[in-house]
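Below, each chain spelled out in residue letters.
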Amino acid sequence: MKINFLTLISFLFTMAVFGQNVDVTGTVTEASSGQPLPGVNVVLKNTSKGASTNFDGEFTLLDVPLNSVVVISYLGFLTQEITIVNSEPLNVVLVEDTESLDEVVVIGYGTQKKRDVTGAVSIVDSKTLDELKPVKVEQALQGTVSGVNVTSQSGAPGAGLDIRIRGISTNGTNGPLVIIDGYQGDLGIVNPNDIESITVLKDAQAAIYGTIGANGVVLITTKSGKKGGKTQVSINSYTGFQEATRHLSLLNATEYALILNESYANGGQALPFPNVSGLGQGTDWQEEVLNKSVPLMNHDFSISGGSEKIAYSISGSHLYQQGIVGPKKSDFRRNTARASISGDISDKLKFNTNITYTYLDRDSVNDFGLGSVLFNALNIPATYSTHDTNGDFTLIPSSPGLGIEIINPLAQIENTYNDYDLKKLNGTASLEYQMLNNLNVTGRIGFNTANSESKSFAKMVDYGGKVFDVGRSRVDQNAINDNDYSLDIFATYQNTFSDKHNVTFTGGTTIFKTFGNGLFATGYDVPNNSWSFADIALAQGTGGDGVRDVGSYAYDERRLSFFTRLQYDFKGKYLFSAMLRRDSSTKFGPDNRVAYFPSATAGWVISDEDFFGDSSIFSFMKLRASYGILGNDQIPNNGYVGQLSGEATYLFDDVLTNGRAIGQLPNSELQWEEAKKFDVGLDFRLLNNKIDITTDYFINKRDNLLITNIPVSGITGVFGPGGGSPTVNAGGVENRGFEFAINYRENFSDDFRVSASYNVTTLQNEVTEVNNSTGFLEAGNFSVGQPVISRMEVGQPIGYFYGYKTDGIFQNQDEVNAHPSQLDLGAEASPGDIRYVDINNDGEITIDDRTNLGDPIPDVTMGLNLTLNYKDFDFTAYAFASIGNDMVRNYERTVTDVNRLNYVLDRWTGEGTSNTVPRVTTAATTNRLFSDFFVEDASYLRIQNVQIGYSIPLNTIEKIGLSKMRIYFGVNNLYTFTKYKGFDPGASSGAPIGGGIDYGFYPIPRTYLCGVNLNF
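Overview of the structure.

Rules used throughout
- Residues numbered from 1 in each chain as written.
- Predicted model: local features only at pLDDT ≥ 70, side-chain atom pairs only at ≥ 80, totals over all residues.
- Heavy atoms only, no water.
- Helix = DSSP H or I, 4+ residues; strand = E, 2+ residues; numbered from the N terminus.
- Rg over C-alpha atoms; globule rule 2.2 N^0.38 Å.
- Buried < 20%, exposed > 50% of the residue type's maximum accessible area, 1.4 Å probe, protein only.
- Contact = heavy atoms within 4.5 Å.
- Areas by Shrake-Rupley, 256 points an atom, 1.4 Å probe, with all protein chains shown as cover.
- Lys, Arg positive; Asp, Glu negative; His and termini not counted.
- Charge placed at Lys NZ, Arg CZ, Asp CG, Glu CD.
- Pairing = 2+ DSSP bridges.
- Axes fitted to C-alpha atoms, helices over the stretch in contact; angles between N-to-C directions.
- Core = buried A, V, L, I, M, F, W, Y, C linked by side-chain atoms within 4.5 Å.
- Salt bridge = Lys/Arg side-chain N within 4 Å of Asp/Glu carboxyl O.
- Polar contact = N/O pair within 3.5 Å; in protein donor to acceptor, adjacent residues only side chain to side chain.
- Phe/Tyr/Trp six-rings, centres within 6.5 Å; stacked < 30°, edge-to-face > 60°.
- Lys NZ or Arg CZ within 6 Å of the ring centre and 35° of its normal.
- Patch = residues over 30% accessible without salt bridge, like charges linked within 9 Å, V, L, I, M, F, W, Y side chains within 5 Å.
- Expected span 1.5 Å × (residues − 1).

Comments concerning the overall build of the protein chain
Scanning the protein chain for helices and strands turns up 8 helices and 51 strands. For the protein chain, the C-alpha radius of gyration of 33 Å lies close to 31 Å, the compact-globule estimate for 1016 residues. Along the three orthogonal principal directions, the C-alpha set of the protein chain runs to about 135 × 70 × 65 Å. Burial statistics for the protein chain: of 1016 residues in total, 52% are counted as buried. Pairs at least 24 residues apart make up 70% of the contacts formed inside the protein chain by residues separated by at least 6 positions. Put simply, the protein chain shows about 43700 Å² of open surface, and 55% of that area lies on carbon and sulfur atoms. Across the protein chain, the centroid of the 77 positively charged side chains sits 6 Å from that of the 112 negatively charged ones.

Thoughts on the sheet that holds strand β4 (residues 58-65)
If you walk across this open sheet you meet the 3 strands as β4-β1-β7, and the pairing is mixed. Two strands close off the open sheet at either side, each with one partner strand: β4 and β7 (90-94). Averaged over neighbouring strand pairs, the angle between their axes works out to 30 degrees when direction is ignored. Strand direction decides the pairing type here: strand β1 (residues 21-30) and β4, joined by 6 bridges, are antiparallel. By the bridge assignment, V24 is partnered in β4 with L61.

Concerning the nonpolar core
Counting 55 residues, the largest nonpolar core has L290, V325, V888 and F930 as its most contacted members. Contributions of two or more residues to this core are made by α4 (285-289), α5 (373-379), α6 (409-414), β40 (800-804), β42 (834-836) and β46 (886-889). Looking at which element gives the most residues to this core, the answer is α5, with 5 residues. For L290, the contacting residues outside a window of four places in its chain are A244, R246, H247, I324, V325, L374, F983 and P1003.

Here we look at the sheet that holds strand β13 (residues 177-180)
Reading across from one edge, β10-β15-β16-β13-β14 is the order of the 5 strands in this open sheet, with mixed pairing throughout. Every other strand in the sheet has two partners, leaving β10 (121-125) and β14 (183-184) as the edge strands with one partner each. In this structure, β13 lies alongside β14, joined through 2 bridges in antiparallel fashion. Within β14, the position partnered with I180 by the bridge is Y183.

Topic: the pattern of salt bridges
Applying the stated criterion across every chain, the model contains 41 salt bridges. For K622, the salt bridge identified is with D683, shortest N-O distance 3.9 Å. Residue K622 is located in strand β29 (residues 618-632), and its partner D683 is located in strand β32 (residues 673-686); the two are separated by 61 residues in the primary sequence. Take K622 and D683: they sit in the same class, and that class is buried. Between D703 and K676 there is a salt bridge, and its shortest N-O distance comes to 3.1 Å. One end of the pair, D703, is in strand β33 (residues 691-703); the other, K676, is in strand β32, and 27 residues separate them in sequence. Exposure remark for D703: the relative accessible area of 25% places this residue in the partly exposed category. By relative accessible area, K676 is classed as partly exposed at 25%. Among the charged side chains, a salt-bridge network with shared partners connects R166, K202, K622, R624, D679, D683, D696 and E739.

Observations regarding the side chain of R338
As for its placement among the helices and strands, R338 is situated in strand β20 (residues 331-344). No salt bridge forms around the buried R338; measuring N to O, its nearest opposite-charge neighbour D194 is 4.3 Å away. At 3.4 Å, the side chain of R338 forms a polar contact with the side chain of N354. Apart from the residues within four sequence positions on either side, R338 is in contact with D194, T222, K223, S313, I314, S315, N354, I355 and T356.

Re the pairing of strand β27 (residues 574-585)
The pairing of strand β26 (residues 549-570) with β27 spans 12 bridges and is classified as antiparallel. Bridged to Q567 within β27 is S577. In this sheet, strand β28 (residues 594-605) lies alongside β27 in antiparallel orientation, the contact comprising 11 bridges. Within β28, the position partnered with F576 by the bridge is A602.

Quick look at the environment of K309
By the element assignment, K309 lies in the loop between β18 (294-306) and β19 (310-322). Each C-alpha atom of the pair K309 and G613 lies 45 Å from the other, and the pair is 304 residues apart in sequence.

Digging into the pairing of strand β11 (residues 148-152)
Of all 5 residues in β11, 5 are buried, a share of seventy percent or more. In this sheet, strand β12 (residues 161-165) lies alongside β11 in antiparallel orientation, the contact comprising 5 bridges. The residue bridging V148 from the neighbouring strand is I165, located in β12.

Focus: the packing of aromatic side chains
Overall, the coordinates contain 27 aromatic pairs when judged by the stated rule. On the basis of an interplanar angle of 85 degrees and a centroid distance of 5.1 Å, the ring pair of F933 and F934 is categorised as edge-to-face. Each member of the pair F933 and F934 is classed as buried. One aromatic cluster in this structure is built from F782, Y903, F930, F933 and F934. The side chain of K133 reaches across the aromatic face of Y968, ending 4.5 Å from its centre.

Describing a nonpolar patch on the surface
Taken together, the side chains of Y485, I511, L560 and F562 make up a nonpolar region of the molecular surface, amounting to roughly 320 Å² of accessible area. Owing to a relative accessible area of 35%, L560 belongs among the partly exposed residues under this scheme.

Here's the deal with the side chain of S152
Within the secondary structure, S152 is located in strand β11. Residue class for S152 comes out buried when judged on its relative accessible area of 4%. Here D984 takes part through its side chain, which lies 3.4 Å from a polar atom of the side chain of S152.

Considerations on helix α3 (residues 253-266)
Spacing of three or four residues puts side chains on the same side of an α-helix, whose turn is 3.6 residues. Along its 14 residues, α3 runs 20 Å from first to last C-alpha, staying within 8% of the 20 Å computed at 1.5 Å per residue. For α3, every residue scored as buried is listed here: A253, Y256, A257, I259, L260, N261, E262, S263 and Y264. With a side-chain oxygen positioned 3.2 Å from the backbone nitrogen of T254, the residue opening α3 is N252. One or two residues past the end of α3 sits G268, with phi positive at roughly 75 degrees.

Here it is as structure tokens:
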């Protein structure tokens, strides 16, 4: 009886212990700095019960059973599990683990742990964005993500940037799909400081997006508040100034006069400068138009926090940047306001909203092509002054030697008036309902609505008989409204069977609609010939036909999609996923409107196998492969149906009457472009996760390219105003390449840490089909009156340069006589002229001797990034290299009297003097025909960013209520190493055919920054 009593007492005591609940409190700090970590997730294992640390790293978890396990996790740090044995406060120290395998990766309609990802996926985090300080988000992808190349269309404020993921695959739109918090958005309007992470899907992993994922997908996750967190205030501000990174080497006034005299003498003409003494250096036109100390500033703030069930984040930003060309006429403003709220309506129902308002204001000058400001600055001789004796802008003569398009660039800037304003509201609202323990259903609405207005004013001005003379003042205005919305409804089922089989199934539907309209109008004879009165309502004149010039358009396009994805793994080491998407688009006719896009990915975590053992070198190794078919419908609307959008003149009762005619010829057989993506990769980690390596080999094939304006017979009337040839599926392109990325991280001591990363991508591009009447597509102009110079042709890279190959300079008449005649090109050769190669060996040089002279697609791109931390100091440097990309030098006017680059000083002046630069002469020659003389290797290495910062110790700033105060200095676009003669070897118009032709690209400025980061 006594034993039974003791047993009962013991049992009751045990039940009391195990049944006792306690309140758990604690503090979470960072191992490297000892500073508290706000927003850390503290969750009771296998339950939804949890809390987050406040701004001081403190947390409280109420009513926790003893001997239960608490999981402490935070992005970028190793997760810890602690068993609760009493009520004593916990002191948790988290160790940083950048690129952790447990890091959650956004993959589209869901997330996945990084170790389980079986596709080619790259991530850029907010820390990288903070170090780079990009004005536009796209700039942060250059050099940080393998397989991604970003080119600038111009260095002007607010100018567009082009992203290419694993090459150029189509003659149409090549930019990736951008998804911001689940909705289709625009990178150009996003404040970089609002971004938590950027995920790039490069292979069949993107197939979940079907028809719009062929060019890759960029997923943006914006910052949000933390539940249970103390209110946090963050202020980031920087200011700086900009300048041009380089000036081209042009002839000064004396050099120009001597060269021009020689040119006229060789042409048998009188010398234009009988006396060159006293000319000196003359006017440096580049110095006149490229300004220094041009301001740039950015200010943004955020407030975030939350209660037990609600999390919020509110932010705002202001960016202002002036241009280095015409600062007052070329500037960019971007203001953003953003609100994010999420919370728990009940234990099973959650909501999330993200809304962003953006206001853009951009003014610009003519910064690209023939007649641009820089084109004029490069071609005006240094012998002309900026102003005449009366103080007016100097008029550049309209003469055969100077042409009729070169004008004073300072006058051009002065007489430029335009304004563009955009107001955009976009965001998402979603509900997530836990229907069953393992089944969640999500409904999400995404929307974009944008209203833009632009106005340009052409002042009545006389430049001296130039093509840019304006005889009647003119104002052009437009108002455009663009809208789209998407509705996503999808369910996710996740379960584990027998502790070995992990299954996640996602299925749903997406409805997408885009619609809008535009109105355009032109008026003449603006009162007072003044920008102040430049408005359609005030314009007093009309066009030549006596009616006010107006135009408008409207559009409405839709997609309906269904998608499924199955993700399975066995013991976490055998990984598999399969995706299928069905898309229907109104851009195609009824017979071809629907298409199916399947894909599959697989992975094998080799390091989990028993035979792998406990390797002292390798800590993780995963082999993966993927294949999928994606689509592209990025073509003009309504290409499958005929429309009366053309113009025609008809004869009625012997009277000519204006009317409508057929526009672009329809093609009812239009089909989707198909992107077939194959990828095989190997991920592994070395030396206790200090080294992380990712390798990929990929093949991207694009079939059924949607080619517009296929040549057809003129009988069809396609050459009338508003007419056009049809769009057909008639091409194919293939990209092959290899990617390698390595990251290294080492903590040498508590005071000194180093991290470095390097990535390299090779790319081979080849056109596999052009099925039209000529066998090629052409685009891209060179000089005036010459054939287009870029082609898309089978067996060649897309957009390759097509012209004459040279073989040095004729040194004497005997060499001329022994060479095939070049007369068919326009002039017979003489000693000192360029010698062209007889490619087809027919004994004469003709237009048929043109050949491949290079292409603008780089063979290799590389990124190298370095971060050093010593005590409270930090240093970062980012670099990018492009190797093998060619560029056409087309900013030199072909007329005789323009200024020249100083390479002309090495010209041929007699036998043996030069075998690279031809003679100068005003006589007729073929030296200005497009040849490899104008094609340059534009390979370059660019130091993109260098920054040094200092964080004031916490014990100093906490006295004034701050938890962080960091001051930094940085330089963006520090220096570019290149042999290319132009301003920017990395610039491109963005066109897949003709994109590498340099008409005088506006250079990307070097920017000096000083800023501060404050947290309260």
